[in-house]
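# Descriptive structure summary
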Amino acid sequence: MSPRAGQPGPPARTLAFVESPVQLLNVLEWAHLYAGRIAAGAQGAPGAPDVEGAQGAQGAGTGGADPAAAARPGGSDPATALLPGQAAVPVPALPAPALPAPAPPAPAALGAVPPQSRRAAVRRALGRRAPGDRAPAAGADLTVVVLAPTDPMTRGQLRRMADLAREDGHRVRWEEARGGASAPFQTIGGLAGVLRRADRIVMGDPFSRYVQLLLTITRAKDLVVVDDGTATMEFVAQLARGERLVRWHRKGGRPGARDLLFAPVSSSARRRLTPNARRRVEVFSSMPVSEIPDGVTVTANGFAWTRARFGPPTVTAGADMVGTSLVETGVVDGERYLEAVRALAKAHGATRYFAHRREHPDKLRRLAAETGLEIVRPELPLELIARRGPVGRTILSFPSTVVHTLPLALAGTGVRVAVCDIDPAWLTDTASPRAQGFLSGVTGTARDVHRLAAVSLA
């Protein structure tokens, strides 16, 4: 089916570019929702509701569930590796049982269809073969291109997510995009042909210089931006205001030499991400979006794929804590962060600390030694780990993406997400002037979370 007109036609050739496990997770969520819409239309139900998408109106300005939007599309690296040259430290990981068979999905557009028929319909909708089907038209399926980073933790999680994508029937193309001085040229040169043939580009990070370069090559008429965490909020706001694309924690600083050199490419990417009569732009997000550029479609990510694929989890009586990379990005002072974690864990009886994939091993060693918390380095994004379980009845977090995503992924489980504000005194001297306001906005716009006051540091 054609995703827009609703008439029979070959499925679009779609390329998705990801650089982190969270981006790949949200590509799978988008593909799940998109396939559900096509399959619902194929069954003569063009008015079927979005798959778990009604709760994603995301604040003022989104207009809730847009009826018109329903016709639009939206290896070897160990996951627990430390950085080179660092001594190993006991950093326990979650037990890693075999991935469970898909659980029955929550009520959705395909909720009344038997699971076997639903999976077959989803495969056909994305141009993939179900058992007994004839081969689909060439180029009909989704290809995920992983622009591999160098960080061992991120690579490990990406490989696990790539396995899940393959299990769903998607092609995965792993590119060692940062494997040496010549790697960018080889990667971009190798992708040029498929980029020019693609009808739709799905991207997880519009701030990425790699992605911005690739956008200058593509002729795709559909561009989709899926969540890359809190950066999505800033991307949409900057696009609406016509500003240059700069990550929120860097905004306010003077552009460096590389920024100036890359400015023409960044400007070109921003123009291509601006919708017009020949190009459609969609943002697929679970984050609150208050400033929506003219012509941009905002589609809610309700984490329907995650809930259908994992869980429900076993819920324990204790509390778990979610780590953040705000120290590593230079926003929060390391000593203040350590004191805050210690105070928060003591106040709420937390026993486990789920490390962010970018947290430095030295920092995690100190946290384990000085707080007594069990440090867990997840092998998958936290939304999947929590959904698989076991998980504490309370999850403590500082302002981050998970205060928006975990309530969706854990809907109906009884788990409470509590978020602790960042005290302005914890910020570094080099933090962006916008840091405090942005972090407060992340917390203040989160739904279905319990807001905690900033902990008092003695």
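Fair warning: this is a prediction, and the values are worked out from it, not measured in the lab. (Residues numbered from 1 in each chain as written. Predicted model: local features only at pLDDT ≥ 70, side-chain atom pairs only at ≥ 80, totals over all residues. Heavy atoms only, no water.)

Among the 11 residues of helix α6 (residues 231-241), 9 are classified as buried, and the element is accordingly described as predominantly covered. Listed as buried for α6 are A231, T232, M233, E234, F235, V236, A237, Q238 and L239. Immediately downstream of α6, the backbone of G242 shows phi near 70°, a positive value. (Buried < 20%, exposed > 50% of the residue type's maximum accessible area, 1.4 Å probe, protein only. Helix = DSSP H or I, 4+ residues; strand = E, 2+ residues; numbered from the N terminus.)

Moving on, we get to helix α9 (residues 334-348). Its 15 residues place the ends of α9 21 Å apart at the C-alpha level, agreeing with the 21 Å of an ideal helix rising 1.5 Å per residue. Three or more residues of α9 are buried, namely Y337, L338, A340, V341, L344 and A345. Along the axis of α9, the buried positions cluster into a sector of 165°, meaning they face one direction only. Within α9, the exposed residues directed more than 90 degrees away from the buried face are K346 and A347. If you follow the buried residues of α9, they end up packed against β8 (315-322), β9 (350-354), α10 (361-371), β11 (391-397), β12 (416-420) and β13 (450-452). By the N-cap criterion, in which a side-chain oxygen at the helix start approaches the backbone nitrogen of a residue two or three places on, α9 is capped by D333, the distance to E335 being 3.1 Å. (Expected span 1.5 Å × (residues − 1). Arc of directions from axis to C-beta. Contact = heavy atoms within 4.5 Å. Polar contact = N/O pair within 3.5 Å; in protein donor to acceptor, adjacent residues only side chain to side chain.)

Considering all chains together, one arrives at 4 aromatic pairs under this definition. Taking 4.9 Å as the distance between ring centres and 10° as the angle between the ring planes, the aromatic pair formed by W30 and Y34 counts as stacked. With a gap of 4 residues between them, W30 and Y34 both fall in helix α1 (residues 21-42), about one helical turn apart. We note that W30, like Y34, is buried. Between the aromatic rings of F398 and W426, the centroid separation amounts to 6.2 Å while the plane-to-plane angle is 80°, which identifies the pairing as edge-to-face. Highlighted residues: F398 in the loop between β11 and α12 (402-409) and W426 in the loop between β12 and α13 (435-444), separated in sequence by 28 residues. Assigned by exposure class, F398 and W426 land together as buried. (Phe/Tyr/Trp six-rings, centres within 6.5 Å; stacked < 30°, edge-to-face > 60°.)

Attention shifts here to the sheet that holds strand β1 (residues 14-18). Strand pairing in a sheet relies on backbone hydrogen bonds, with the paired strands running either antiparallel or parallel. Read across the sheet, 7 strands follow the order β3-β2-β1-β4-β5-β6-β7 without closing on themselves; strand pairing throughout is parallel. Bordering the open sheet on either side are β3 (171-175) and β7 (296-300), each of which pairs with just one other strand. If you compare each strand with its neighbour and ignore which way they point, the axes differ by 20° on average. Each of β1, β2 (142-147) and β3 touches helix α3 (residues 152-167); the most contacted strand, β3, lies at about 155° to it. Seen against the sheet, helix α4 (residues 183-197) touches β1, β2, β3 and β4 (200-203) and runs at an angle of roughly 150° to β3. (Pairing = 2+ DSSP bridges. Axes fitted to C-alpha atoms, helices over the stretch in contact; angles between N-to-C directions.)

Cis geometry marks the peptide bond from G311 to P312; its omega dihedral reads 5°. Turning to its location among the elements, P312 is positioned in the loop between α8 (304-309) and β8. The omega torsion of the bond from G389 to P390 falls at 0°, within 30 degrees of zero and hence cis. The phi dihedral of F303 falls on the positive side, at around 60°, and the residue is not glycine. Counting through the fold element by element, F303 comes out in the loop between β7 and α8.

Under the criterion given, the structure shown has 17 salt bridges. Between E175 and R173 there is a salt bridge, with the nearest N and O atoms lying 2.6 Å from each other. Exposure remark for R173: the relative accessible area of 29% places this residue in the partly exposed category. Here the residues in one salt-bridge network are E335, R342, R366 and E370, joined through shared partners. (Salt bridge = Lys/Arg side-chain N within 4 Å of Asp/Glu carboxyl O.)

Time to look at the environment of V27. One can find V27 in helix α1. The sequence separation of V27 and F17 amounts to 10 residues, and the corresponding C-alpha distance is 8.9 Å. In this structure V27 touches A16, V18, L142, V144, V202 and V226, once residues within four positions along its chain are discounted.

Membership of the largest hydrophobic core comes to 42 residues, with the highest contact counts inside it found for V27 and V144. For this core, the secondary structure elements donating two or more residues are β1, α1, β2, α3, β5 (222-226), α11 (382-388), β11 and α12. In terms of residue count, the dominant contributor to this core is α1 (8 residues). L15, A177, L215 and V225 belong to the second-largest nonpolar core, a separate cluster that totals 32 residues. (Core = buried A, V, L, I, M, F, W, Y, C linked by side-chain atoms within 4.5 Å.)

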